[in-house]
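Close look at the chain arrangement
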Amino acid sequence: MTSHPSPTGMPALDDLLAGLHVVSIPMRVRFRGVEVREAALLHGPSGWGEFSPFLEYQPPEASRWLSAAIEAAYGAWPAPRRTHVPVNATVPAVAPDRVPGVLARFDGATTAKVKVAERGQSVQDDVDRVAAVRDALGPAGRIRVDANGGWSVQQATEALRRLSAYGLEYAEQPCASVEELRDLRVALARSGIDVLVAADESIRKAEDPIRVARLEAADLVVVKVAPLGGVHRALAVVEACRLPAVVSSALDTSVGMSAGVALAAALPDLDHACGLGTVALLEGDVVDPPLEPRGGVLPVGRVQADESLLERWAAPADRVRWWRERVSSCHALLDDATVIP
Ligand SMILES: O=C(O)CCC(=O)c1ccccc1C(=O)O
Ligand SMILES: [Mg+2]
């Protein structure tokens, strides 16, 4: 496998490509416009890693996802502090009558994250969806909403005024920019709307992921392993932010999910369910059994991709070529210093 080892530990491109499998898995429910999820799985001396940046991401951003995959396949993850990690159900921007069916896929989850501010939908659609989730979970359930930056400060204030009637744990990325998040926190406090603000895109897509904390623009941070470049780097971001953290995923297969679980397991404090249950939104997976929640939790540990499942979900030849080229352009952007502990 390591025929051309680099002196500093960065695997050679040929080695990455030799251990590469590309899969294409339909989603059960359309999510952030994605109907088929493509992923490249890497096999290295430490095990399996996942490289699955969304298709529109360009190499500078996608190369961080490659660092995370290389850490998983060639490096080591930090020591776990727990054996299981609590996860939330993730509810896409579906009609209210589909809510019970979606929630049923997340066995034992008592926290749900609900997508809101979907393009083409209204605040009333969000209210109806959140009401259906509250109905299904009962008064003890926890509900958070995720707007993916879809609201202005004023829209967020109005929407959260209405949605807060259902009891919200927090609102994830209600507005797009760090400045807006900061202004929204002030506006919510002035209006007596008691909703915490969590930053997601402002962490994972930012040049400077710590800025959100410096500007006091969020009460919590959402951290994802792949866009931050690996478990160690994500852990360092959380430490630098000094805010409560929630680990989430990116519609990964169970291989990518296991890296998120490793991060959640390594955090000094974990007071929130993590967005690591989304394998349940995929029609298939590359690990048997899949890393899906049972009793509201996931087990901590490595997973193995299954040869027959890689075969079952193998992407068509033109897509395999596209992904191999993508790995190559991203690999070219990584310097040896960026690699593995
Ligand atoms: O956090 C969760 O519950 C699941 C993951 C999730 O919502 C997500 C998945 C893919 C891309 C973006 C997001 C997001 O948090 O915005
Ligand atoms: Mg989010």
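Residues numbered from 1 in each chain as written. Chains lettered and ligands numbered in written order. Predicted model: local features only at pLDDT ≥ 70, side-chain atom pairs only at ≥ 80, totals over all residues. Heavy atoms only, no water.

**A look at empty space enclosed by the protein**
The cut-off we apply is this: In this analysis the probe radius is 1.4 Å and the grid spacing 1 Å, with only protein atoms considered; a cavity is a set of points the probe fits into but cannot get out of, a pocket is an open set with protein on both sides within 12 Å along at least five of seven lines, and lining residues have an atom within 4 Å of a point. Grid points are joined across faces, edges and corners, and a volume is the space filled by probe spheres set on the points. Only DSSP runs of H or I with at least four residues qualify as helices, and only runs of E with at least two residues qualify as strands; both kinds are numbered from the N terminus onward. Lys, Arg, Asp and Glu make up the charged group, whereas Ala, Val, Leu, Ile, Met, Phe, Trp, Tyr, Cys and Pro make up the nonpolar group; the residues left over, Gly among them, are polar.
Overall, the coordinates contain two cavities of 30 Å³ or more when judged by the stated rule. The space that makes up the largest cavity amounts to roughly 150 Å³. When contributions to the lining of the largest cavity are tallied by element, the ones reaching two or more residues are β3 (47–51), α2 (59–74), α9 (225–228) and α11 (254–266). Considering every element that reaches the lining of the largest cavity, the biggest residue donor is α11, with four residues. Grouping the amino acids of the lining of the largest cavity by side-chain chemistry returns ten nonpolar, six polar and three charged. Lining of the second largest cavity is provided by Asn 88, Lys 113, Arg 144, Tyr 170, Glu 172, Val 222, Val 246, Val 247, Ser 248 and Gly 275. With three residues, strand β11 (residues 245–248) is the largest single contributor of residues to the lining of the second largest cavity. In the lining of the second largest cavity, the residues fall into four nonpolar, three polar and three charged.

**A short note on the UniProt feature "active site" (unreviewed entry) in the protein**
We apply this condition: UniProt positions are given in the numbering used here, feature names are shortened, and annotations may be inferred rather than shown by experiment. Burial classes: relative accessible area under 20% of the type maximum marks a residue as buried, over 50% as exposed, and values in between as partly exposed (1.4 Å probe, protein chains only). We call two residues in contact when some of their heavy atoms are within 4.5 Å.
According to UniProt, the positions carrying the feature "active site" (unreviewed entry) are Lys 115 and Lys 224. The annotated residues named above include Lys 224 as those lining the largest cavity. Among the secondary structure elements, Lys 115 is positioned in strand β6 (residues 111–115). Classification of Lys 115 by relative accessible area gives buried; the value is 12%. The residues touching Lys 115, leaving out its near neighbours within four places in the chain, are Phe 31, Val 91, Pro 92, Ala 93, Asp 126, Arg 129, Asp 146 and Asn 148. Tracing the backbone through its elements, the reader meets Lys 224 in strand β10 (residues 220–224). Take Lys 224: its relative accessible area is 7%, and that puts it in the buried class.

**Some thoughts on the confidence of the model for the protein**
Operational definition: A residue's pLDDT is the confidence the predictor assigns to it, expressed on a 0 to 100 scale.
On average, residues of the protein score 95 in pLDDT, and 96% of them reach the 70 mark or higher. Confidence drops under a pLDDT of 50 for residues 1–7, and excluding neighbours within four residues, the segment shows eleven contacts in the predicted structure.

**Some points on the coordination of the magnesium ion (ligand 2)**
Basically, it comes down to this: The donor set comprises N, O and S atoms within 2.8 Å of the metal, extended to 3.2 Å for Na, K and Ca; water molecules are omitted, so apparent gaps in a site may simply reflect that omission.
Taken together, Asp 146 (OD), Glu 172 (OE) and Asp 200 (OD) make up the protein donors of the magnesium ion (ligand 2), found 2.0 to 2.2 Å from the metal. Motif for the magnesium ion (ligand 2), donor spacing along one chain: D-x25-E-x27-D. Taken as a pair, Asp 146 in strand β7 (residues 142–146) and Asp 200 in the loop between β9 (197–199) and α7 (201–204) lie far apart in primary sequence, 54 residues in all. For Asp 200, a relative accessible area of 0% corresponds to the buried category.

**Some words on the layout of surface pockets**
For the record, the criterion: For the domains described, the bounds stem from an automatic or database domain assignment.
In this model, the largest pocket occupies a volume close to 820 Å³. In terms of lining, the largest pocket is formed by 38 residues, of which the most central are Arg 32, Gly 33, Lys 115, Glu 118 and Asn 148. Secondary structure elements with two or more residues in the lining of the largest pocket: β1 (20–31), β6 and α7. With four residues, the single largest contributor to the lining of the largest pocket is β1. For the lining of the largest pocket, the per-class residue count stands at 14 nonpolar, eight polar and 16 charged. A domain-level breakdown of the lining of the largest pocket finds at least three residues from each of domain 1 (13–76 + 307–338) and domain 2 (84–299). Considered as a void within the structure, the second largest pocket measures approximately 160 Å³ in volume.

**A look at helix α13 (residues 317–333)**
An α-helical turn contains 3.6 residues, so a residue and the one three or four places further along point in the same direction. What counts is decided by this rule: Expected helix span is taken as 1.5 Å per residue step, with the number of steps being one fewer than the number of residues. For this quantity, the arc is that covered by the directions from the helix axis to the C-beta atoms.
Counted at 1.5 Å a residue, the expected span for α13 with its 17 residues is 24 Å, and the 25 Å between its end C-alpha atoms agrees. Among the residues making up α13, those that are buried are Arg 319, Trp 323, Arg 326, Val 327, Cys 330 and His 331. Buried residues of α13 fall within an arc of 130° about the axis and therefore sit on the same side. Counted as exposed and oriented over 90 degrees from the buried face of α13: Ala 317, Arg 321, Glu 325 and Ala 332. Summarising the contacts, the buried residues of α13 are in contact with α1 (13–18), β1, β2 (34–44), β3 and α2.

**Some thoughts on the nonpolar core**
Condition: What we call a nonpolar core is a set of buried Ala, Val, Leu, Ile, Met, Phe, Trp, Tyr and Cys residues that are connected through their side-chain atoms within 4.5 Å.
Core analysis: the biggest nonpolar cluster contains 116 residues, and Leu 160 and Leu 276 have the highest contact counts within it. Residues within four places of Leu 276 in sequence aside, it is in contact with Val 85, Val 87, Val 247, Ser 248, Ser 249, Met 257, Gly 260, Val 261, Ala 264, Leu 291 and Leu 298. One finds Tyr 170, Ala 198, Leu 220 and Val 222 within the second-largest nonpolar core, a separate group that totals five residues.

**Some remarks on the site of ligand 1**
So the rule is basically this: The rule for a residue being near a molecule or strand is that one of its heavy atoms must lie within 4 Å of it. Between N or O atoms, a polar contact is any pair within 3.5 Å; within protein, one atom must be a potential hydrogen donor and the other a potential acceptor, and residues adjacent in sequence are included only when both atoms are from side chains. All accessible-area figures derive from a Shrake-Rupley calculation using a 1.4 Å probe, and residue coverage is judged against the displayed protein chains alone.
Around ligand 1 there are 19 residues in total, and Thr 90, Lys 113, Asn 148, Lys 224 and Ser 248 lie nearest to it. Separating an oxygen atom of ligand 1 from a side-chain N or O atom of Lys 113 is a distance of 2.7 Å. Ser 248 has a polar side-chain atom sitting 2.6 Å from an oxygen atom of ligand 1. Here ligand 1 loses 98% of its free accessible area of 380 Å² to cover by the protein chains.

**Description of the pairing of β7**
Rules: A pair of strands counts as paired when DSSP detects no fewer than two bridges linking them. By convention a crossover is right-handed if, when the strands point away from the viewer, the path from the first strand over the helix to the second runs clockwise.
Counting buried residues in β7 gives four out of five residues, a clear majority hidden from the surface. Bridge analysis of β6 against β7 gives five bridges, and the strand direction is parallel. Directly across from Lys 115, in β7, lies its bridge partner Asp 146. In this fold, β6 hands off to helix α4 (residues 123–137), which returns the chain to β7; that crossover is right-handed. Of the strand pairs in this sheet, β7 and strand β8 (residues 171–172) are connected by two bridges, and their pairing is parallel. The residue of β8 that forms the bridge with Val 145 is Ala 171. Handedness of the β-α-β unit built from β7, helix α5 (residues 153–163) and β8 comes out right-handed.

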